[in-house]
Amino acid sequence: MLSLDFLDDVRRMNKRQLYYQVLNFGMIVSSALMIWKGLMVVTGSESPIVVVLSGSMEPAFHRGDLLFLTNRVEDPIRVGEIVVFRIEGREIPIVHRVLKIHEKENGDIKFLTKGDNNAVDDRGLYKQGQHWLEKKDVVGRARGHIDVILNTGNLFCCKIFKTQN
C-alpha cells in the first residue's frame with residue numbers, strides 16, 4: 001500500500017508544489033552527476049570510486065569495501081601496486097595486485113596481476129590468447145579505501161585508510 005499512499009500525496013499537491021518537488025529531485029540528480037564528472041576529471045579515472053565485489057583480495061580488501069582510484073598517465077605502474085582493470089568482453093572491473101612487469105625495448109609496459117587470496121595469477125581471467133595487461137586496460141589504481149568493519153541491520157561503521165603500495 002506504500003505506492004498508493006505516495007500517489008495520494010502527489011494528487012493532493014497543487015501544481016506549484018509538484019513542480020517544486022520535481023525541480024528539487026532534478027537538482028539532486030544533476031548535482032550528483034556533476035560531482036561524479038568532477039571526480040573523473042580530477043582523478044583521471046573513468047570510475048573514481050569502485051566497490052570490491054569478491055574476496056579475491058582478502059585480507060587487504062573485503063567485499064563491500066570502497067576503493068578510491070586515480071589513473072594519472074605519467075605515473076608508472078609498479079609491482080605490488082593495486083590496480084582496477086577491465087577485460088575486453090567483461091563489464092565488471094577486477095581489483096587485483098600487480099605481480100610482474102614486462103617492459104619491451106620500445107618502452108611499452110605490460111604487466112601480470114593476481115588476487116592476494118588467489119592461488120594462481122590472472123592469466124585464466126584474461127581474454128583468450130592474452131597473457132599480459134596493458135596500460136589501456138587499467139581503470140585506475142587504488143590510492144585509498146573505506147574498510148567496512150560492521151554492517152548489520154541499521155548499524156554501519158567504517159574506517160578510512162590510505163592504501164599502501
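Report follows, based on the coordinates. Just so it is clear, the model here is predicted, and its values are computed rather than measured. (Residues numbered from 1 in each chain as written. Predicted model: local features only at pLDDT ≥ 70, side-chain atom pairs only at ≥ 80, totals over all residues. Heavy atoms only, no water.)

With that settled, consider the environment of Asn-14. Assignment of secondary structure puts Asn-14 in the loop between helix H1 (2-12) and helix H2 (15-43). Accessibility expressed as a relative area gives 42% for Asn-14, which makes it partly exposed. A polar contact of 2.8 Å, which involves the side chain of Asn-14, links it to the backbone nitrogen of Gln-17. (Helix = DSSP H or I, 4+ residues; strand = E, 2+ residues; numbered from the N terminus. Buried < 20%, exposed > 50% of the residue type's maximum accessible area, 1.4 Å probe, protein only. Polar contact = N/O pair within 3.5 Å; in protein donor to acceptor, adjacent residues only side chain to side chain.)

Let us now look at the pairing of strand E3 (residues 82-85). Side chains of E3 alternate between two faces, with Ile-82 and Val-84 and Val-83 and Phe-85 buried alike. As paired elements, E3 and strand E4 (residues 94-103) share four bridges and run antiparallel to each other. Each residue of the ladder has a partner; that of Val-84, found in E4, is Val-95. (Pairing = 2+ DSSP bridges.)

So, about H2. Its 29 residues give H2 an end-to-end C-alpha distance of 42 Å, which sits within 8% of 42 Å, the value for a rise of 1.5 Å per residue. Counting buried positions along H2 yields one of 29 residues, so the element is predominantly exposed. Measuring from the side-chain oxygen of the N-cap residue of H2 to the backbone nitrogen of Arg-16 gives 3.0 Å; that N-cap residue is Asn-14. Trailing H2 by a residue or two, Gly-44 shows a phi angle of about 75°, which is positive. (Expected span 1.5 Å × (residues − 1).)

In this chain, Glu-58 is followed by Pro-59 through a cis amide linkage whose omega measures 10°. Checked against the element boundaries, Pro-59 lands in the loop between strand E1 (49-51) and strand E2 (66-70).

This part covers the side chain of Ser-56. Within the secondary structure, Ser-56 sits in the loop between E1 and E2. Among the polar contacts listed, one links the side chain of Ser-56 to the side chain of Ser-54, at a separation of 3.2 Å. Side chain to side chain, Ser-56 and His-96 meet in a polar contact 2.8 Å long. Apart from the residues within four sequence positions on either side, Ser-56 is in contact with Val-95, His-96, Gly-115, Asp-116, Asn-117 and Asn-118. (Contact = heavy atoms within 4.5 Å.)

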